[in-house]
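# Architecture and fold: a report
So the chains spell out like this:
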Amino acid sequence: MPAYIISDVTIRDREAFEAYRTRAAASIAAHGGRYLVRGGDVETLEGNWQPGPLIVVAFPDIETARRWYRSDEYAAALEVRDAALSRNLILVEGIGS
């Protein structure tokens, strides 16, 4: 079953964010992930949630997503994360087709 990493981002520093984004994208691709959402307009339809830019990444399965998150490749992106952004990040298992 597919798995999804969902991130609600607040950008702190645009230059550091671009470095983070470049490193993260390379690590995601190396682990078979692909972006489904990468920013864009967010419209709140119900409730009080006012997220920043949202990122949704699909992985083939939850174990692959976990391996990516713990990988050396993604660790390189984490080196600049705190300067670049703050976020809420979740991992959710999808349903089979």
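See the structure shown above.
Report follows, based on the coordinates. (Residues numbered from 1 in each chain as written. Predicted model: local features only at pLDDT ≥ 70, side-chain atom pairs only at ≥ 80, totals over all residues. Heavy atoms only, no water.)

## Concerning the pattern of salt bridges
Inspection of every chain in the model, using the stated rule, returns three salt bridges. A salt bridge links E79 to R23; the nearest nitrogen and oxygen atoms lie 3.7 Å apart. One end of the pair, E79, is in helix 3 (residues 72-84); the other, R23, is in helix 1 (residues 14-30), and 56 residues separate them in sequence. Taking the shortest distance from any N to any O, the salt bridge between E63 and R66 comes out at 2.6 Å. Placement of both E63 and R66 in helix 2 (residues 62-69) is noted, with a separation of three residues, approximately one turn of the helix. Relative accessible area serves as the criterion here: at 30%, R66 is assigned to the partly exposed category. (Salt bridge = Lys/Arg side-chain N within 4 Å of Asp/Glu carboxyl O. Helix = DSSP H or I, 4+ residues; strand = E, 2+ residues; numbered from the N terminus. Buried < 20%, exposed > 50% of the residue type's maximum accessible area, 1.4 Å probe, protein only.)

## Side note on the sheet that holds strand 1 (residues 3-11)
Read from one edge of the open sheet, four strands run 2-3-1-4, paired in antiparallel fashion. Only two strands of the sheet have a single neighbouring strand rather than two, namely strand 2 (34-38) and strand 4 (85-93). Between one strand axis and the next, the sheet turns through 20° on average, direction left out of account. Here helix 1 sits on the sheet and contacts strand 1, strand 2, strand 3 (54-59) and strand 4; the angle it forms with strand 2, its principal contact strand, is near 145°. (Pairing = 2+ DSSP bridges. Axes fitted to C-alpha atoms, helices over the stretch in contact; angles between N-to-C directions. Contact = heavy atoms within 4.5 Å.)

## Some points on the packing of aromatic side chains
In the structure shown here, the tally under the stated rule is five aromatic pairs. The interplanar angle of 55° and the centroid separation of 6.2 Å between the aromatic rings of W68 and Y69 together place this pair among those described as tilted. Its relative accessible area of 38% is what places Y69 among the partly exposed residues. An aromatic cluster of at least three residues, connected via ring pairs, comprises Y20, F59, W68, Y69 and Y74. A cation sits over an aromatic face here: R38 above Y35, 4.2 Å from the ring centre. (Phe/Tyr/Trp six-rings, centres within 6.5 Å; stacked < 30°, edge-to-face > 60°. Lys NZ or Arg CZ within 6 Å of the ring centre and 35° of its normal.)

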